[in-house]
Amino acid sequence: MNVFQFQAMKNEGRIITATTAYDYWSAKILNDSEIDMIIVGDSVAMVVHGHPNTLAATTAMMEMHIAAVARGATDKFIVGDMPFLSFRKGLSETMHCVERLMRAGAHAVKLEGIDGLEDIVKHTVDSGVPVMGHLGLTPQSVHALGGMKVQARDEDASALLADRAKRVEDAGAFSVVLECVSATAARRVTEEVSIPTIGIGAGKHTDGQVLVLHDILGFNTDFKPKFVRNFAGGEEFVLDAVNRFAQEARAGTFPAKAETYS
Ligand code: KIV
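Scope of this entry: the structure provided in the associated data block. All values derive from a computational prediction rather than experimental measurement.

Definitions and limits used
Residues numbered from 1 in each chain as written. Predicted model: local features only at pLDDT ≥ 70, side-chain atom pairs only at ≥ 80, totals over all residues. Heavy atoms only, no water. Helix = DSSP H or I, 4+ residues; strand = E, 2+ residues; numbered from the N terminus. Rg over C-alpha atoms; globule rule 2.2 N^0.38 Å. Contact = heavy atoms within 4.5 Å. Areas by Shrake-Rupley, 256 points an atom, 1.4 Å probe, with all protein chains shown as cover. Lys, Arg positive; Asp, Glu negative; His and termini not counted. Charge placed at Lys NZ, Arg CZ, Asp CG, Glu CD. Core = buried A, V, L, I, M, F, W, Y, C linked by side-chain atoms within 4.5 Å. Buried < 20%, exposed > 50% of the residue type's maximum accessible area, 1.4 Å probe, protein only. Near = heavy atom within 4 Å. Polar contact = N/O pair within 3.5 Å; in protein donor to acceptor, adjacent residues only side chain to side chain. Nonpolar A, V, L, I, M, F, W, Y, C, P; charged D, E, K, R; others polar. Expected span 1.5 Å × (residues − 1). Salt bridge = Lys/Arg side-chain N within 4 Å of Asp/Glu carboxyl O.

### Describing the overall build of the protein
At step 1: Scanning the protein from N- to C-terminus turns up 10 helices and 8 strands.
At step 2: In terms of overall size, the protein behaves like a compact globule, its C-alpha atoms giving a radius of gyration of 20 Å where 262 residues would be expected to give roughly 18 Å.
At step 3: Its C-alpha atoms give the protein principal-axis dimensions of roughly 70 × 40 × 35 Å.
At step 4: Sequence-distant contacts, at least 24 apart, represent 58% of the contacts inside the protein between residues at least 6 apart.
At step 5: Summed over all atoms, the accessible surface of the protein reaches about 13300 Å², with 55% contributed by carbon and sulfur.
At step 6: Across the protein, the mean location of the 25 positive side-chain charges is 2 Å away from that of the 33 negative side-chain charges.

Take a look at the structure:
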């Protein structure tokens, strides 16, 4: 896949599918899947490193996880997340981060927000790096938003979201993630911008859908917002396999003769 194919999918009404990956082994499995795009999200700080929010993600953290994913998902389009404040300290620092993520194996970078960022997005795009926008609930602004709250629930907020999405498009982004916004607002944005919208908790009237891999797999049962659907019982699967190993080892039935070197 490439940026033109994502645009073609929107134009033809074909749903774009995306998920996250943070490591080599899951990326290798996703490489054989039907998914159109992998996002190495800064959610890695929460999902893999156990932080309470995404503010703990750093350029070094993102770079390492992108490199691991790129080694596993050799045939997929990989988007790398620009971490907290990495694109708010001037052009030079931004481009330093972009360079590290792209050299690690990303095919595009994603950054949250647009206010005060138009020139940064334009410069990144003009430098030959595709940019994905991210609007609505932007987790890096969790404290300014007063928590992880659904966004754009009324007419004024929807209009503002649509305006921001148009500015993301005008700055040259190839797509935009809409996170945790009302379905009405997401539909409006999807109709008003030409670039693909990828929704997470944004209803079904977006050009694509993304879910965090660990949520798809059912590995995050402590935290289940309304928009998440577990497509597998990952937690039970792991517990069952690990418990069976422990039980068989204790019972002396593992390893068997066939699993032992003579
Ligand atoms: O960090 C993340 O997981 C994201 C998702 C919206 C893909 O940004």
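### Topic: the nonpolar core
At step 1: Membership of the largest hydrophobic core comes to 53 residues, with the highest contact counts inside it found for Val 69, Met 82, Leu 111, Leu 135 and Leu 178.
At step 2: By residue number, the principal contributor to this core is helix H4 (residues 59-72), which donates 6 residues.
At step 3: Non-local contacts of Leu 111, meaning those with residues more than four positions away in its chain, are made with Met 82, Phe 87, Leu 117, Ile 120, Val 121, Val 131, Met 132, Gly 133 and His 134.
At step 4: Residues Phe 6, Ala 18, Ala 108 and Ile 198 belong to the second largest nonpolar core, which totals 16 residues.

### Here's the deal with the site of the ligand
At step 1: Around the ligand lies a shell formed by Thr 20, Ile 39, Gly 41, Asp 42, Ser 43, Asp 81, Lys 110, His 134, Glu 179, Ile 200, Val 210 and Val 212.
At step 2: At 3.0 Å from an oxygen atom of the ligand is found a side-chain nitrogen or oxygen belonging to Asp 42.
At step 3: Taking Lys 110, its side chain carries an N or O atom lying 2.7 Å from an oxygen atom of the ligand.
At step 4: Taken by itself the ligand offers 260 Å² of open surface, and the protein chains cover 95% of this.
At step 5: Here the residues of the shell around the ligand sort into 4 nonpolar, 4 polar and 4 charged.

### Overview of unusual backbone geometry
With the exception of glycine, most residues fall at negative phi, and the peptide bonds are largely trans.
At step 1: Note that the residue after Phe 254, namely Pro 255, is joined by a cis bond; omega there is 0°.
At step 2: Structurally, the position occupied by Pro 255 is in the segment after helix H10 (234-251).
At step 3: The phi dihedral of Leu 85 falls on the positive side, at around 70°, and the residue is not glycine.
At step 4: Relative to the helices and strands, Leu 85 is located in the loop between strand S3 (77-81) and helix H5 (91-104).
At step 5: We classify Leu 85 as partly exposed; its relative accessible area is 36%.
At step 6: At Ala 152, a position not held by glycine, the phi torsion is positive, near 55°.
At step 7: Along the chain, Ala 152 falls in the loop between strand S5 (131-136) and helix H7 (155-170).

### What to know about H5
Think of an α-helix as 3.6 residues a turn; residues three or four steps apart then line up on the same face.
At step 1: Taking 1.5 Å per residue as the helical rise, H5 with its 14 residues ought to reach 20 Å, and the 20 Å between its terminal C-alpha atoms agrees with that figure.
At step 2: Taken together, the buried positions of H5 are occupied by Thr 94, Met 95, Cys 97, Val 98, Leu 101 and Ala 104.
At step 3: Tucked inside the fold, the buried residues of H5 contact H4, S3, strand S4 (108-112) and helix H6 (118-126).
At step 4: The first or second residue beyond H5 is Gly 105, which carries a positive phi of 130°.

### Describing the pattern of salt bridges
At step 1: Under the criterion given, the structure shown has 14 salt bridges.
At step 2: Two residues, Glu 99 and Arg 103, come together in a salt bridge whose shortest N-O distance is 2.8 Å. You can see Glu 99 and its partner Arg 103 sitting in helix H5, 4 residues apart, about one turn around the helix.
At step 3: You can call Glu 99 partly exposed: its relative accessible area is 38%.
At step 4: Between Glu 192 and Lys 166 there is a salt bridge whose closest N-O contact spans 3.4 Å. Here the residue Glu 192 occupies a position in helix H8 (residues 183-192), and Lys 166 occupies one in helix H7, the gap between them amounting to 26 residues.
At step 5: Overlapping salt bridges bring together Asp 115, Glu 118, Asp 163, Arg 164 and Arg 167 as one network.

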